[in-house]
Amino acid sequence: MKTKNIIYYGIVFLLVIVAKAAYTFASNDTLVFILKPLSQIISVITNADFIYSGAAGFYFETLNITIDKSCSGINFWCISFLVFMLLLLKFCKSHLQKILLFPVVIFVTYGLTLFANSSRILTSIFIAKQTHFNYSWLHQAEGVFIYLSFLMLSYTLLNRSLSKFNSHHEKLT
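My aim in this report is to walk through the structure given alongside it, one point at a time. These numbers come from a predicted model, not from an experiment.

Thoughts on the sheet that holds strand E3 (residues 65-67)
Working definition: the strands of a sheet are paired by backbone hydrogen bonds and lie parallel or antiparallel to each other. Taken in spatial order, the three strands make up an open sheet running E1-E2-E3, and their pairing is antiparallel. Edge strands, defined here as strands with exactly one partner in the open sheet, are strand E1 (51-53) and E3. Taken over all neighbouring pairs, the strand axes of this sheet differ in orientation by 30° on average, direction set aside. Pairing between strand E2 (residues 57-60) and E3: three bridges, direction antiparallel.

In structure tokens, the structure reads:
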């Protein structure tokens, strides 16, 4: 860990801690910024309509599912933000690059979270329709598998791309 990045690492960890604490007290109404786009993606792909209730979340009657706080993917977003920031800060040379990295990574990991979470929900719907299993452990295991797969794949791709770019850039200079 480079000492010149210690302050940035501290800010990253502080942001994740604050986000996790805020999530603890969040409601469906508070998380609508992530629940609504997620529900819209599921609606478009499955061609199923939903209704929203602040108390219950986004309910899909034809699918018999509800997308609520527990389905938001905030934990994945926090983890992916943390991992991406810790990786990318090593490659930034200037303080301006490091500062600009924060909003870029927040935005990119938000998109990754929507994609991974949509995949998780669609896989759950498929499993429920094909197997008629109703086990909460299966739902949990499927979520862990999909989130971990997305995180490992995106980290590997980003790390390899940055390493290749960095080694190519060093050869030129």
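Overview of helix H4 (residues 95-131)
Between its terminal C-alpha atoms H4 stretches 52 Å, which fits the 54 Å expected from 37 residues at 1.5 Å a residue. Of all the bends in H4, the greatest, near 30°, is centred on Leu-101, and the proline Pro-103 appears no more than four residues after it.

Structural notes on helix H2 (residues 32-46)
Between its terminal C-alpha atoms H2 stretches 20 Å, which fits the 21 Å expected from 15 residues at 1.5 Å a residue. Where H2 is concerned, the buried positions are Ile-34, Leu-35, Leu-38, Ser-39, Ile-42 and Ser-43. Seen from one end, H2 has its buried residues packed into an arc of 160°, which puts them on one side. Where H2 is buried, its residues meet E2, E3, helix H3 (74-89) and H4.

Description of unusual backbone geometry
The backbone phi angle of Asn-47 is positive, close to 55°, even though this residue is not glycine. If you trace the backbone, Asn-47 turns up in the loop between H2 and E1. Even without being a glycine, Asn-64 presents a positive backbone phi close to 55°. For Asn-64, a relative accessible area of 58% translates into the label exposed.

So, the environment of Phe-126
Mapped onto the elements, Phe-126 comes out in helix H4. Separated by 73 residues in the primary sequence, Phe-126 and Ser-53 have C-alpha atoms spaced 25 Å apart.

About the criteria used
- Residues numbered from 1 in each chain as written.
- Predicted model: local features only at pLDDT ≥ 70, side-chain atom pairs only at ≥ 80, totals over all residues.
- Heavy atoms only, no water.
- Pairing = 2+ DSSP bridges.
- Helix = DSSP H or I, 4+ residues; strand = E, 2+ residues; numbered from the N terminus.
- Axes fitted to C-alpha atoms, helices over the stretch in contact; angles between N-to-C directions.
- Expected span 1.5 Å × (residues − 1).
- Bend = angle between axes of the 7 residues up to and from the residue.
- Buried < 20%, exposed > 50% of the residue type's maximum accessible area, 1.4 Å probe, protein only.
- Arc of directions from axis to C-beta.
- Contact = heavy atoms within 4.5 Å.

So far we have only geometry, and geometry alone does not tell us how the molecule works.
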